[in-house]
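Structural characterization, general
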Amino acid sequence: MVMFYGAYFSGVSRHSSSKKFSGAITSLHSEIKHLISQGLYDQALTLYAQHIHPFQLNTNTAFIVPSITKACAHSQSHQILAEQIHCNVIKNGFDPEFTVSNSLLSMYAKLSDTESAEKVFNEMPSRDTISWNSMINCYTQNGFLLKALKMFKEMYSQGLVAKPELVASCISTCVKSRNWRLGRGIHALFFLNERMEYSTFVATALVNFYWRFGDPDMAFRVFDTILEKNEVSWTAMISGSIENREYARAFDCIRAMQIENIKPNRVTLVSILPACAELHRRKEIHGYAVRHGYDSDALFSSALLHMYCECGGELQIARVIFNRCVEKEVVMWSSMIAGYSQSKDKAREAIKLFNEMQTHGTLPNSATILALISACTRMLSLPDGYGVHCYSMKSGLCTDLFVQNALINMYSKCGSLKDGERVFNEMSTRDCVSWSALISAYGLYGRAEEALKLFHGMQESGIKGDGVTYLAVLLTCNHGGLVDEGRMVFERAMKDVNVCLSREHYACYIDLLGRAGKLEDAYDVVCKMGEKRSPRIWTCLASAFRLYGRLDLAESAADILVGIEPENAANYTMLSMVYAESGNWRGVEEVRRYIKERKLNKNRSFSKI
């Protein structure tokens, strides 16, 4: 066959009729297009390389270029062939043709060769809408979001009108790059330019844009303009509502969707699951999925399993879903193991399930290891922790930063600070969580000075602390009685614009000042807090006043506590002790009688020591 086609291309059989020549090329092209339509790109390129490529492209074979470049774009093993085709196109002067240049541009875009795509685009003598579309998509797919938006604006300034698909893509790019101004500007174009086609595709992208922008009212206004709403547009509304924690509104959307006879698809059902978990309507959506056959879908089953595992009290249903799945992927195994690891009573089941996972032949990932480390931490089982750590080292997963941070936390809580220190020292890279975990461990073991030294070392290394880091240091200072150091850390946290101080930070600092007898300082901090005052803060203040004999102030703080939490028996106990120490026995009797009448009980505490 090679010799047969070669005779035509090399000019050996020039006396043959042009119809016979054209028929041979057409036959080859049809076969190549058929292979491409079947997804057999390598076979199509092999056929081209054997029968056409050796004889170079010419005017009779140039029409094959779009098909061949399409095959090259989907085949990573023929990139050299793609470059050779490009050279032949330039050599024979075919590049000015729109179809040829656009096909080359699209090919380089799909091959993630942005530099070559830019070269093709810049050398085109003239460009049509497809050329601009391909170049913008190339930038978007390869992460050059600002370049993509800049080129979209340039395209519009050239008087070209983008297709709805490209407009929707650019709106999504505005979301990714957080370019809210340009996104709203694109929306305005549909009112200013009559040539812009406003489709359901574009409107759905705008709905998602305004949800991400934080303007739900505008998202609903855009949604109401969609004449033909489909499952994609409804899913965008549901997803946006859930992201803004408007779970009831998400359920209203899925009901309205069904009223309009639009059946939710798998993506819609997966999107609504967080709302089901929050509103305790898990079985409702589960039942709908079973009735409509979605329970056999692996992706939906995995998401449903994750929802039940996250809820904690529904592990039996989660296990039923898990057992019914024929093909269990690592995500399902990890979700089920993580579900068991959330409870101390079920943590041992997580270890057993992991052993079953190994028997099944499924390789774990870092999420699986994290769930196992969590189970070991729940059980306070150091031997199991050693086992998981060894397995992670053998499997190469111990180099994961999240796994290393979890190991530091696990070792510190299971009574082996030295192992936690060793993990920290062996880490090639550390983040804020790594430092915070070891600082908390030092605080837990009463090694306040080492914790402060580590905190200063963290700052010297250029890593900025977050709220968790500062809280860990404050707790350490509190346990060690380091008032001046705690004051310095708290003031630094207040000046740090990246840290938002919570009630826990204030409560810890107030408790530190109160224990040290700095009652006026503690009271000043409370007065400056404003609306952040919590029951725990008043408890710390009342305890400090009582400890240092300021019973009048302690009584006032305890009265405030009772007003904030009238159902908490501990507050009445605090008030009763203040009355007793001040000699107000009548007040003690009244408080005790009130506790009995209201049947209030203190929460019991247990110790393993």
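Residues numbered from 1 in each chain as written. Predicted model: local features only at pLDDT ≥ 70, side-chain atom pairs only at ≥ 80, totals over all residues. Heavy atoms only, no water.

With respect to the overall build of the chain
Rules: Strands are runs of DSSP state E lasting at least two residues, helices are runs of H or I lasting at least four, and both sets are numbered from the N terminus onward. Our radius of gyration is a C-alpha quantity, and the globule rule it is checked against amounts to 2.2 Å times the number of residues to the power 0.38. Each accessible area is a Shrake-Rupley result for a 1.4 Å probe, and residues are judged covered by the shown protein chains and nothing else. Two residue types count as positive, namely Lys and Arg, and two as negative, namely Asp and Glu; His and chain ends fall outside the count. By convention, charge coordinates are those of NZ in Lys, CZ in Arg, CG in Asp, or CD in Glu.
Helix and strand content of the chain: 35 helices and 0 strands. Its C-alpha atoms give the chain a radius of gyration of 34 Å, more than 25% over the compact-globule value 25 Å for 609 residues. For the chain, the spread of C-alpha atoms along the principal axes amounts to about 125 × 60 × 55 Å. Accessible area for the chain stands at about 32100 Å²; split by element, carbon and sulfur atoms hold 51% of it. Considering the chain, the positive charge centre built from 67 side chains and the negative charge centre built from 63 side chains are found 2 Å apart.

Looking at the layout of surface pockets
The condition is simple: Using a grid of 1 Å spacing that covers the protein atoms alone, one calls a set of points a cavity when a 1.4 Å probe fits there but cannot get out, and a pocket when the set is open and has protein on both sides within 12 Å along at least five of seven lines; lining residues are those with an atom within 4 Å of a point. Grid points are joined across faces, edges and corners, and a volume is the space filled by probe spheres set on the points.
Of the pockets and cavities examined, the largest pocket occupies roughly 320 Å³. Together, 16 residues line the largest pocket, and Asp295, Ser301, Ile321, Arg324 and Cys325 are the ones closest to its centre. If you add up the space inside the second largest pocket, you get close to 230 Å³. What lines the second largest pocket is Arg487, Phe490, Glu491, Met494, Tyr506, Tyr509, Asp521, Asp524, Val525, Lys528 and Met529. Listed by contribution, the elements that provide at least two residues to the lining of the second largest pocket are helix H29 (483-495), helix H30 (503-515) and helix H31 (519-529).

Observations concerning unusual backbone geometry
The backbone of arginine 178 sits at a positive phi, close to 60°, despite the residue not being glycine. For arginine 178, the location among the structural elements is in the loop between helix H10 (164-177) and helix H11 (180-192). Positive phi values are uncommon outside glycine, yet arginine 245 reaches one of about 60°. Structurally, arginine 245 can be placed in the loop between helix H14 (231-243) and helix H15 (247-259).

Quick word on helix H21 (residues 347-360)
Quick reminder of the rule: Expected helix span is taken as 1.5 Å per residue step, with the number of steps being one fewer than the number of residues. The cut-offs for exposure are 20% and 50% of the maximum accessible area for each residue type, with area from a 1.4 Å probe on protein chains only; residues under the lower value are buried, those over the upper are exposed, and the others partly exposed. Starting at the helix axis, one direction is taken to each C-beta atom, and the arc is that of these directions. Every residue pair with non-hydrogen atoms within 4.5 Å of one another is taken to be in contact.
Along its 14 residues, H21 runs 20 Å from first to last C-alpha, staying within 8% of the 20 Å computed at 1.5 Å per residue. Residues of H21 that are buried include every one of Ala347, Ala350, Ile351, Leu353, Phe354 and Met357, and no others. Down the axis of H21, the smallest arc covering the buried residues is 165°, so these residues share one side. Tucked inside the fold, the buried residues of H21 contact helix H19 (315-324), helix H20 (330-341), helix H22 (366-379) and helix H23 (382-395). Just beyond H21, the residue with positive phi is glycine 361, at close to 90°.

Concerning the packing of aromatic side chains
What characterises a pair of aromatic rings is the spacing of the ring centres plus the angle enclosed by the ring planes. How we decide: Any Phe, Tyr or Trp ring, taking Trp's six-membered ring, that has another such ring centre within 6.5 Å forms a pair; planes under 30 degrees apart are called stacked, those over 60 apart edge-to-face, and the others tilted. Whether a charge sits over a ring depends on NZ of Lys or CZ of Arg being within 6 Å of the ring centre and within 35 degrees of the ring normal.
Summed over the entire model, instances satisfying the criterion amount to 17 aromatic pairs. On the numbers, 5.2 Å between centres and 80° between planes, the contact of phenylalanine 121 with tryptophan 132 is edge-to-face. A residue pair is termed long-range when its members are at least 10 positions apart, and phenylalanine 121 in helix H7 (residues 114-123) and tryptophan 132 in helix H8 (residues 129-141) qualify at 11 residues. Exposure remark for phenylalanine 121: the relative accessible area of 3% places this residue in the buried category. Classification of tryptophan 132 by relative accessible area gives buried; the value is 2%. Relative to tyrosine 198, the ring of phenylalanine 190 has its centre 5.3 Å away and its plane inclined at 75°; by these criteria the two rings are edge-to-face. Its relative accessible area of 33% is what places tyrosine 198 among the partly exposed residues. An aromatic cluster is present here, built from Trp180, Phe209, Tyr210 and Phe213 joined pairwise through their rings. Just above the ring of phenylalanine 121 sits the side chain of arginine 127; from NZ or CZ to the centre is 4.3 Å.

Observations regarding a positive patch on the surface
Basically, it comes down to this: Grouping into patches uses exposed residues only, defined as over 30% relative accessible area, and leaves out salt-bridged ones; the cut-off is 9 Å for like charges and 5 Å for nonpolar side chains (Val, Leu, Ile, Met, Phe, Trp, Tyr). Counted as salt bridges are all cases of a side-chain nitrogen of Lys or Arg within 4 Å of a carboxyl oxygen of Asp or Glu.
Together, Lys150, Lys153, Arg181 and Arg184 make up a region of like positive charge exposed at the surface. Among the elements of the structure, helix H9 (145-157) and H11 are those that each provide at least two residues to the positive patch. When you line up the elements, lysine 150 lands in helix H9.

Examining the pattern of salt bridges
Scanning the entire structure with this criterion turns up 17 salt bridges. We note a salt bridge from arginine 249 to glutamate 246, for which the minimum N-O separation is 2.9 Å. As a salt-bridge pair, glutamate 314 and arginine 282 come within 3.3 Å of each other at their nearest N and O atoms. With glutamate 314 in the loop between helix H18 (298-311) and H19 and arginine 282 in helix H17 (residues 282-291), this pair connects stretches of sequence that are 32 residues apart. Overall, the relative accessible area of 12% leaves arginine 282 in the buried class.

Some details on empty space enclosed by the protein
Operational definition: Classes in brief: Ala, Val, Leu, Ile, Met, Phe, Trp, Tyr, Cys and Pro nonpolar; Asp, Glu, Lys and Arg charged; the others, Gly included, polar.
According to the stated counting rule, one finds 2 cavities of 30 Å³ or more in the structure shown. By volume, the second largest cavity is sized at about 30 Å³. Lining the second largest cavity, in full, are Phe152, Met155, Tyr156, Leu160, Ala162, Val167 and Met196. Sorting elements by how many residues they give to the lining of the second largest cavity places H9 first, with 3 residues. In terms of residue class, the lining of the second largest cavity is built from 7 nonpolar, no polar and no charged.

A few points about the packing of H20 against H22
What counts, and what does not: Where helices are involved, their axes are fitted lines through C-alpha atoms of the stretch in contact, as for all axes, and angles between N-to-C directions lie from 0 to 180°. Oblique is the label for any angle not under 35 degrees, not over 145, and not in the 65 to 115 range, which are roughly parallel, roughly antiparallel and roughly perpendicular in turn. Whether a crossing is left-handed or right-handed is set by the direction in which the near helix is turned from the far one by less than a right angle, anticlockwise for left-handed and clockwise for right-handed.
Two elements in contact, H20 and H22, have axes separated by 9 Å at closest approach and are oriented at 15°. The orientation of H20 with respect to H22, classified from their angle, is roughly parallel. Both H20 and H22 take part in a crossing whose hand is left-handed. Seen from H20, the contacting residues are Val330, Ser334, Ile337, Ala338 and Ser341; seen from H22, they are Ala367, Thr368, Ala371, Leu372, Ser374, Ala375 and Arg378.

What to know about the nonpolar core
Filter applied, for reference: The definition of a nonpolar core used throughout is a set of buried Ala, Val, Leu, Ile, Met, Phe, Trp, Tyr and Cys residues joined through side-chain atoms within 4.5 Å.
With 190 residues, the main nonpolar core has Val167, Ile186, Ile272, Met336 and Ile510 as its most contacted residues. In terms of residues, this core owes the most to one element, helix H12 (residues 200-213), which gives 8 residues. Apart from residues no more than four positions distant in its own chain, isoleucine 510 is found in contact with Ala522, Val525, Val526, Met529, Ile537, Cys540 and Leu541.

Observations concerning the state of the cysteines
Quick note on the threshold: Two cysteine sulfur atoms make up a disulfide if the distance between them is within 2.5 Å.
For the structure shown, the criterion picks out 0 disulfides. The thiol sulfur of cysteine 87 is not disulfide-bonded, and the nearest other cysteine sulfur, from cysteine 72, lies at 12 Å. There is no disulfide at cysteine 414, and the cysteine sulfur nearest it, in cysteine 376, is 7.0 Å away.

Points about the side chain of serine 436
Assignment of secondary structure puts serine 436 in helix H26 (residues 432-444). When near neighbours in sequence (up to four residues on either side) are disregarded, serine 436 contacts Asp466, Thr469 and Ala472.

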